[in-house]
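Understanding the architecture of this molecule
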Amino acid sequence: MTGLGIGIASLSINTTRIRHPNIQFSELTPKPIKIPFHSSLFLTKLPTNEPKTLTLRPSSVSESSVSSSIGAESLDDVDDDPTAELSYLDPETDPESITEWELDFCSRPILDIRGKKIWELVACDSSLSLQYTKYFPNNVINSVTLKDAIVSICDELDVPLPDKVRFFRSQMQTIITKACKELGIKPIPSKRCLSLLLWLGERYETVYTRHPGFQKGSKPLLALDNPFPMDLPDSLYGEKWAFVQLPFSDVKRELLSQEKSFAFGATLDLDLLGIEMDDETLIPGLAVASSRARPLAAWMNGLEVCSVEADLARANLVLSVGISTCYVYASYKKSSVTTSEAEAWEAAKKASGGLHFLAIQDTLDSDNCVGFWLLLDLPPSPV
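Procedures and definitions
- Residues numbered from 1 in each chain as written.
- Predicted model: local features only at pLDDT ≥ 70, side-chain atom pairs only at ≥ 80, totals over all residues.
- Heavy atoms only, no water.
- Pairing = 2+ DSSP bridges.
- Helix = DSSP H or I, 4+ residues; strand = E, 2+ residues; numbered from the N terminus.
- Axes fitted to C-alpha atoms, helices over the stretch in contact; angles between N-to-C directions.
- Contact = heavy atoms within 4.5 Å.
- Polar contact = N/O pair within 3.5 Å; in protein donor to acceptor, adjacent residues only side chain to side chain.
- Core = buried A, V, L, I, M, F, W, Y, C linked by side-chain atoms within 4.5 Å.
- Buried < 20%, exposed > 50% of the residue type's maximum accessible area, 1.4 Å probe, protein only.
- Salt bridge = Lys/Arg side-chain N within 4 Å of Asp/Glu carboxyl O.

A few words on the sheet that holds strand β9 (residues 264-266). Within the open sheet, the five strands sit side by side as β8-β10-β14-β15-β9. Their pairing is mixed. Each edge of the open sheet carries a strand with a single partner, namely β8 (240-247) and β9. The average angle at which neighbouring strand axes cross in this sheet is 20 degrees, direction not considered. Sheet analysis places strand β10 (residues 282-289) next to strand β14 (residues 355-361), joined by five bridges and oriented parallel. Bridging from a neighbouring strand, G285 pairs with F357 of β14. Sitting on the sheet, helix α4 (residues 248-261) touches β8, β9, β10, β14 and β15 (371-376), and the angle it makes with β8 is about 110 degrees.

Among the structural elements, R108 can be located in strand β2 (residues 100-111). Side-chain polar atoms of R108 contact the side chain of D104, separated by 2.9 Å. Of the polar contacts made by the side chain of R108, one reaches the side chain of E120; its length is 2.5 Å. For R108, the residues in contact, after removing those within four places along its chain, are K117, I118, E120, V122, R169, L200, Y208 and V383.

Turning next to the sheet that holds strand β1 (residues 86-89). Spatially, the six strands line up as an open sheet ordered β1-β4-β3-β2-β5-β6, and their pairing is mixed. Two strands in the sheet have a free side with no partner beyond their single neighbour: β1 and β6 (186-189). Across the sheet, the mean angle from the axis of one strand to that of its neighbour is 25 degrees, orientation sign disregarded. Each of β1, β2, β3 (117-124) and β4 (130-136) is contacted by helix α1 (residues 143-157), which is oriented at about 115 degrees to β2, the strand it contacts most.

Take the nonpolar core next. Membership of the largest hydrophobic core comes to 48 residues, with the highest contact counts inside it found for W101, L103, F105, L121, L146 and Y208. For this core, the elements supplying multiple residues, two or more each, are β1, β2, β3, β4, α1, β5 (164-167), α2 (173-182) and α3 (194-206). Not counting residues up to four positions away in its chain, the partners in contact with W101 are A123, C124, L130, I150, I153, C154, V159, P160, P162, K164, V165 and R166. L236, V305, V308 and A330 belong to the second-largest nonpolar core, a separate cluster that totals 30 residues.

Structurally, Q361 is set in strand β14. Look at Q361 and you get buried, because its relative accessible area is 0%. A polar atom in the side chain of Q361 sits 3.2 Å from the backbone oxygen of S366.

This paragraph deals with the environment of V151. If you trace the backbone, V151 turns up in helix α1. The class of V151 is partly exposed, set by a relative accessible area of 31%. In this structure, the C-alpha to C-alpha distance between V151 and L183, residues 32 residues apart in sequence, is 8.6 Å.

Looking now at the pairing of β15. Within a regular strand, the side chains alternate between the two sheet faces. In terms of burial, β15 is a largely internal element, six of the six residues being buried. Of the two faces of β15, the one lined by G371, W373 and L375 and the one lined by F372, L374 and L376 are each fully buried. In the sheet, β9 pairs with β15 via three bridges, with the strands oriented parallel. Directly across from G265, in β15, lies its bridge partner F372. Two strands pair when backbone bridges link them, and β14 and β15 are joined in this way by six bridges, in the antiparallel orientation. Within β15, the position partnered with L358 by the bridge is W373.

So, about the environment of A289. Examined against the element boundaries, A289 turns out to sit in strand β10. Excluding residues that lie within four positions of it along the chain, A289 makes contacts with G238, E239, K240, Q361, D362, T363 and L364.

As a further point, take the environment of C106. Its location among the elements puts C106 in strand β2. For C106, a relative accessible area of 1% corresponds to the buried category. Considered as a pair, C106 and N138 are 32 residues apart in the sequence and their alpha carbons are 9.6 Å apart.

As a further point, take the pattern of salt bridges. All chains considered together, the criterion is met by 14 salt bridges. With its nearest N and O atoms 2.6 Å apart, the salt bridge here joins E100 to R166. Of this pair, E100 sits in strand β2 while R166 sits in strand β5, placing them 66 residues apart in sequence. For R166, a relative accessible area of 15% gives the class buried.

Quick look at the pairing of β2 now. Most of β2 is tucked away: 10 of the 12 residues are buried. Here β2 folds back onto β3, and the loop between the two strands holds five residues, one of which, G115, carries a positive phi near 80 degrees.

Okay, structure coming up:
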C-alpha cells in the first residue's frame, strides 16, 4: 500500500468551496457507471437469507427567550443582533413545493434573564428556502407548544403544513412525534438533516457564542446517541461486498440517472453543501451485490441511511440508519492487507469531507446500480 497525500476538508453552507486532491488507494481504474471492485481476497460472503445555492440568513437568540420575529425585509437590521429571531421564506420559491421540513427543538448554551437555559425551535427545508427560529423558556417545553409553533410558522410564512418532518434527536422523539401526528404530519427520525445540522453549526459560531448569556464550555443538554451496533436484519443481507471508488463525475451522473428513473436511493444537494471538486476526484463507496438486489434496495429505501463506517478494531462495517440505530453490516478477516484497505477507505472519506456512497447491484461487476445512496459524515452538532 503506497502512502496517501490526503488533505482534510471541512463543510459549510455556501461559504467554503471544497476542492480535494485525487485519492489513489486502489490500482483499479474506475469507469463510468460501472463500479470497480477490489481483489476477490477482500470480498466477504454475507449470510444469505433470501436547488439552488442560498446564503444563510442571520439569526440569533433572545436574551429573555422571548423576542419578535424578523422578516426578510429587515434582515440587514439584525446582522449584528445576537438576540433576534428569524422568519424567512425565499420569495422565489413556490410555498406549495416545500413539503418536507427539518426541525430541531432543544436547549441552547445560553441563559435567559432567569438564569435558565433558553430552548429554541429551528426549522428549515433542505434547500434553506424556508428558515425559522423561535425561542422559548424552559417551562413550556411540550408537544402542545411545538404543535402551536408549527402552525404559527405556516401562518406567518403562508406555507402549507409539511407532509414530513425530519429530526435528529432521539430524546425529543416523543414530543416531536406527538405534535406532528396531531397535525397529520409524518415524523421521520433521521440524521439526514444535513442542512439543519450545518445551519446549527453556523449558528453556534455566529450567533450563540456572541450572545451575552452564552455559557462557554456548556455541554449539550440532549447529547446525541452513540449506539452499539446490532445484528443486521435478515431482509438487509447481501451476498458480497467490496470497497470501491468512483470519479466525482460518475457520482453526479449516477445521481442524475437515479432522479430520472426514480430508482431506489437518496441524493444530496451538492451546491447547497458547497461541495466542489475535480471530476476526476475519486469518491469512496461500498458496493453490495445480491441476487435479490431489487428487494434489498427496496428494504434499504425504507430506512434513513446515514453513513457507512469501517470499524478497524472489530474488522467490520457499521451501517447507521435513522437517529439511533447501527447495524454490523458486514465483516472481513483481519489482516495487514484488509486493515490497510479499510484505513485507506476511511482516509479517503475524511479527505472528501465525509462524502461517500452505498451502491446495491445484481453483481459486483454489473454496469448498473439498483440503488444508490450518496452519504455524508458530519461531526456531532455543537448544540
